[in-house]
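Inside the fold
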Amino acid sequence: MKILSISQTQAADRYTIEHEPIASLDLMERAAQALLVWFLQNIDPARPIVLLCGKGNNGGDGLALARLLRANGYWDLRVFLVDHKGSPDFEANLDRLGKDILQELLQDQLKQEHFPADIVWVDALFGSGLSRVLEGRYAEWIYQINERSGTKVSIDLPSGLMGDAIAQTDLLRVFKADYTLTFQYPKLALVHPYTAALAGQLEVLDIGLHPDYLQSAESSYSWMSLADIQSIIKPRKKHSYKGDYGHAYLLAGSPNTMGAALIAAEACARSGAGLLSLNTAKETFRACNSRLPELMLQERSSHAPNLEAYKAILCGPGLGQDEGVNSLLAELLQNWQGPMVLDADALNLIAKNPSYLEWANENWILTPHPGEFKRLLGLNQLGPDQLDLGIEYCRKHQLNLLLKGSISVFIESDGHCTFYDFGTSALAKGGSGDLLAGLICGLLAQGYTIKDSVSLGLALQGRAAQLAERELGSAHAVLSSDILKQIGKAYASF
Ligand SMILES: NC(=O)C1=CN([C@@H]2O[C@H](COP(=O)(O)OP(=O)(O)OC[C@H]3O[C@@H](n4cnc5c(N)ncnc54)[C@H](O)[C@@H]3O)[C@@H](O)[C@H]2O)[C@@H](O)CC1
Ligand SMILES: [K+]
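Since this is a predicted model, take the numbers as computed values, not measurements.

Bringing the site of ligand 1 into the picture now. For ligand 1, the set of nearby residues contains 22 residues, the closest of which are N57, N58, D61, G127 and D156. For ligand 1, an oxygen atom lies 2.8 Å from a polar atom in the side chain of N58. G129 has a polar backbone atom sitting 3.0 Å from an oxygen atom of ligand 1. Elements represented by at least two residues in the shell around ligand 1 include exactly α1 (6–19), α2 (24–42) and α3 (57–71). Residues belonging to the shell around ligand 1 are distributed by class as follows: 10 nonpolar, eight polar and four charged.

And the structure:
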């Protein structure tokens, strides 16, 4: 699914209104119906709800939703208005709403009034029409509400977030949503690593914008959903043997950090790779054999072996950064032309030796977490320009980079970005990155393309984590070892 700019978003609305055709007010009603369905599925009608409505069409959505909520049994409703005059669709919806639940939003109201702790705040102040940072009473309201408890739901965009003007965002002047219900497709600010956390959990609601516009619109950003994954998976053939599924080669582990290598190796094997060799420290062989007897072990030396037999390589998990490892890595980077995942210590060594990037090519996939990303790019902190800097880095060195996070971004060597929201909080633990790197390497070994390996790897990791969480009852308790055991069920779930 493409991610469109705000001007394209506005054009998509106009195109739909003209070509479906549909009246703008009816399109707003369709949007409100989609919002209502989400509320019916997620919010108990007994809870108190306050809707904050601006005077543009985002406020109009809020008014239309308030009317539909009321008609569907949500009785404890209040609507705060910032103005009675606004866009035509806002005013039309204002006329349709019972006056008894309307109230003017006063300057200090949110600060002074008592609101119950289980309240649901609906933010319909600003959506895609926001053109500058919030100031004055708007900034004050956002500040006051962010201090309040309750469940916070934003319509289309959290107010204060400019859909695609990331650099202009003031993080302290944005409504901090628990859920953002956005229309038709995500906007860049909802998935961008600098601002995504402000949107909370993202829900994309289909409001039937015209498919012809969406198809023809150009964008270098896209969004992948789990529904897109099934078509990627290659079935395993009955008449096949291990050689059909590729031989993966792992350069990973050292005596103190074998766990990372073993997690990556097991993930690689469970992804379906036919054969798996691990180049690691000799003194760990006994542990490797007992934990994963499927492994073929190769004693570490400071020279790379003949790599002809292998289809894909993973370097990094638990590798360490000593001189022997460094020269072995350099040799691999220089000589191997096939698909390769570079993670953890391999990234740290590249950050220390930027000249290695001269050997980079389109088969490299760097998989940094934000700390490693900072080191690779030589940044002190990650600001609003982090994605642009990542794109520049990939284009310059002609490599691919997966920036891992609660929403991960895959930047291809041509600068195209794909965003993935497949993670769960169970993955916020050591071992998750090793597991993902192993999955991607195993998929590459089986002949999946670079992009498909990344997409399927993230999907398997995310789904397996969800399944482990369900089995154990809580995200807190999930370990990488639990996630590894769910990879089979994750495959079956697509
Ligand atoms: N037919 C359509 O175009 C549809 C629009 N929809 C809704 O319409 C929204 C966009 O509506 P609008 O374009 O009216 O824009 P908004 O409702 O986001 O707000 C625009 C208003 O805010 C003012 N404004 C902008 N920045 C400001 C600032 N920093 N401080 C104070 N005022 C500021 C503008 O002058 C304008 O009056 C979408 O986000 C979505 O919620 C949906 O109803 C779906 C259909
Ligand atoms: K909003």
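With that settled, the discussion passes to the pairing of strand β17 (residues 417–420). Neither face of β17 is left uncovered, since the one carrying C417 and F419 and the one carrying T418 and Y420 both have all their residues buried. Examined bridge by bridge, strand β8 (residues 221–224) and β17 share four bridges and lie parallel to one another. Directly across from S222, in β17, lies its bridge partner T418. Both strand β16 (residues 408–411) and β17 contribute to a ladder of four bridges, which runs antiparallel. Paired with V409 across the bridge in β17 is F419. The hairpin formed by β16 and β17 contains five residues between the paired strands, and G415 there has a positive phi angle of roughly 95°.

Moving on to the UniProt feature "domain: YjeF C-terminal" (unreviewed entry) in the protein. This chain's UniProt record puts "domain: YjeF C-terminal" (unreviewed entry) on residues 225–494. For residues 225–494, the helix share is 41%, the strand share is 14%, and the end-to-end C-alpha distance is 11 Å.

Let us look at the side chain of K404. Topologically, K404 is positioned in the loop between β15 (400–403) and β16. Classification of K404 by relative accessible area gives buried; the value is 13%. Excluding its chain neighbours within four sequence positions, the residues that come into contact with K404 are D343, T367, P368, H369, P370, G433 and L436.

Here we take up the sheet that holds strand β9 (residues 247–251). Reading across from one edge, β8-β17-β16-β15-β14-β13-β12-β9-β10-β11 is the order of the 10 strands in this open sheet, with mixed pairing throughout. Where the open sheet ends on each side, the last strands, each with one partner, are β8 and β11 (296–299). Across this sheet, the average inter-strand angle for adjacent strands is 20°, counted without regard to direction. Here β15 runs beside β16; their pairing, made up of three bridges, is antiparallel. Opposite L403, over in β16, you have V409 as the bridge partner. Strands in contact with helix α15 (residues 432–445) are β9, β12 (312–315), β13 (340–342), β14 (364–366) and β15; relative to β12, the strand with the most contacts, it is inclined by about 165°.

Conventions we followed
Residues numbered from 1 in each chain as written. Chains lettered and ligands numbered in written order. Predicted model: local features only at pLDDT ≥ 70, side-chain atom pairs only at ≥ 80, totals over all residues. Heavy atoms only, no water. Near = heavy atom within 4 Å. Polar contact = N/O pair within 3.5 Å; in protein donor to acceptor, adjacent residues only side chain to side chain. Helix = DSSP H or I, 4+ residues; strand = E, 2+ residues; numbered from the N terminus. Nonpolar A, V, L, I, M, F, W, Y, C, P; charged D, E, K, R; others polar. Buried < 20%, exposed > 50% of the residue type's maximum accessible area, 1.4 Å probe, protein only. Pairing = 2+ DSSP bridges. UniProt positions renumbered as here; feature names shortened; annotations may be inferred. Contact = heavy atoms within 4.5 Å. Axes fitted to C-alpha atoms, helices over the stretch in contact; angles between N-to-C directions.

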